[in-house]
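Read off the chains here:
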Amino acid sequence: MNKDSKSVAVEVLELSGMVEFLAERGGRELNSSGQLRISENQIIHTSVCCCAGSLDKFVCGNLCGTSGLGDVGGSVDIVYIDQNKWIDLARVHSQAVVSGGIYELYGRLTRAVEEGRVIFPLSVSHIIETSKRNDPVSRQHLAETQAKFSRGYAYRSRKGRLLVEVREALGRLLGLNIPEMSQNWVLACGFLQAFEELDELVAPPQSVRLIEAINGSVKPDVFYTRYMREQNDQQRRLAHEVVSTHAASLIEQFESARAELAGVSMDMRQRVYSAKLFIEHQDMFMRVLYGIGGSFEMFDEIKERAIVSMIEDVPTLYVEAAMVSRIESESGRLKSNDLFDIQSCYTAIPYSSCFVAEKASISRARQAGLDAKYPVVLSSSLETLLNFY
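Presented here is an overview of the structure given in this document. (Residues numbered from 1 in each chain as written. Predicted model: local features only at pLDDT ≥ 70, side-chain atom pairs only at ≥ 80, totals over all residues. Heavy atoms only, no water.)

**Some details on the side chain of Asp221**
Along the polypeptide, Asp221 turns up in helix α9 (residues 220-230). The buried charged residue Asp221 lacks any salt bridge partner; its closest oppositely charged side chain belongs to Lys219, at an N-O distance of 4.3 Å. The contact partners of Asp221, leaving out residues within four places of it in the chain, are Ala147, Arg151 and Gly152. (Helix = DSSP H or I, 4+ residues; strand = E, 2+ residues; numbered from the N terminus. Buried < 20%, exposed > 50% of the residue type's maximum accessible area, 1.4 Å probe, protein only. Lys, Arg positive; Asp, Glu negative; His and termini not counted. Salt bridge = Lys/Arg side-chain N within 4 Å of Asp/Glu carboxyl O. Contact = heavy atoms within 4.5 Å.)

Below, the structure written as structure tokens:
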């Protein structure tokens, strides 16, 4: 597949070079005394295969390995809040705010998290945006707040989610008996698993062993705050320059695609983008199909239904197409933050009890009917959570 054809909404997040940077800082070994030792020169470069067999330990029962929520019950609420909302909570954490609705909410959420009633997982965009903050004090306050309420858990990588989503969609479509995934499988222990190279569902064995070693030696919330505190500043700035460069390139591609569809209805834009996503992911669909005992002949027999199902019944792809088509139909040039907003929506909306973001994102999500398609409360106000906790 030509790199230029890759879906606009994800390339900046997954091909930016940030993953390699994170893996370098996360590349740690256990010394003889069982303590973590930073391997400064270790950079993980891996080729990720999509293999249904890698799901074995995540099906039929509680999550295994290092990935599950452990002591968190299955009824826990999963709440996504965007970066600006995290910053509001961090101002309470740093004692810059000592009264008012957000101050009251902070106390309530602290108790709810401690009681196991709710968790606020991190996404790729949270991690990148927090790392980008140049002021080490404000970055640390923000990281500590995120660690407190996320407990170091993250929505697992896009490729990891797609593996499960496609597997389940194909199983339903073909009438195959697919083992049910464990509850809360979408949450991963440790922020590094938000990146596909280190997501246990799709990572190679050496990366899985690395994650297991890290999680066996340090709590995920502690590891996250330590990472944000101990980043090499020169490397950090270089990594974010790479992110910015890719974002600028993607925006140009996005604007070019938008111009080609000038005058086309939003509904047609969504169909066009959905078709593009189907084409880009065909190889993955077939690999997963073979992995669950299907065949090309089986797929070919239901090809017309499959084209629709592989987008509408695969949450990550459906939400991406819905959000991108709505942004494309708006006036005004795309900004880099819009790319992260799209990523946040297709990561969290299908799997969260509540999704709190800026008004523009919430408006698009409601227009797309995402709160009807998925059991999620959409809100632009953090104080909405006062109604629940």
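Picking up where we left off.
**What about unusual backbone geometry?**
Although it is not a glycine, Arg151 adopts a positive phi angle of roughly 60 degrees. Its location among the elements puts Arg151 in the loop between α6 (136-150) and β5 (153-155).

**Some remarks on helix α4 (residues 101-114)**
When the terminal C-alpha atoms of α4 are compared, their 20 Å separation across 14 residues agrees well with the 20 Å that a helix rising 1.5 Å per residue should span. For α4, the set of buried residues is Ile102, Leu105, Tyr106, Leu109, Thr110, Ala112 and Val113. Angular distribution of buried residues about the axis of α4 spans 165 degrees; they occupy a single face of the element. The positive-phi residue at the C-terminal boundary of α4 is Gly116, with phi of around 75 degrees. (Expected span 1.5 Å × (residues − 1). Arc of directions from axis to C-beta.)

**Focus: the sheet that holds strand β8 (residues 377-379)**
Read across the sheet, four strands follow the order β4-β3-β7-β8 without closing on themselves; strand pairing throughout is parallel. Every interior strand has two partners, whereas the edge strands, β4 (118-119) and β8, have only one. Looking at chain direction, strand β3 (residues 77-81) and strand β7 (residues 354-356) are connected through three bridges and run parallel. Within β7, the residue paired with Ile81 across the bridge is Val356. (Pairing = 2+ DSSP bridges.)

**A look at the pattern of salt bridges**
Under the criterion given, the structure shown has 13 salt bridges. Where Glu230 meets Arg229, a salt bridge forms, and the shortest distance between an N and an O atom there is 4.0 Å. With a relative accessible area of 31%, Glu230 lands in the partly exposed category. Taking relative accessible area as the criterion, Arg229 reaches 48% and is therefore assigned partly exposed. Put simply, Glu330 and Arg364 hold a salt bridge, and the shortest N to O gap is 2.8 Å. Linking Glu330 in the loop between α15 (315-328) and α16 (336-348) with Arg364 in helix α17 (residues 359-367), this pair joins segments that are 34 residues apart in sequence. The class of Glu330 is partly exposed, set by a relative accessible area of 33%. Assessed through its relative accessible area of 7%, Arg364 is described here as buried. When salt bridges with common partners are traced through the structure, they connect Asp233, Arg236 and Arg237 into a single cluster.

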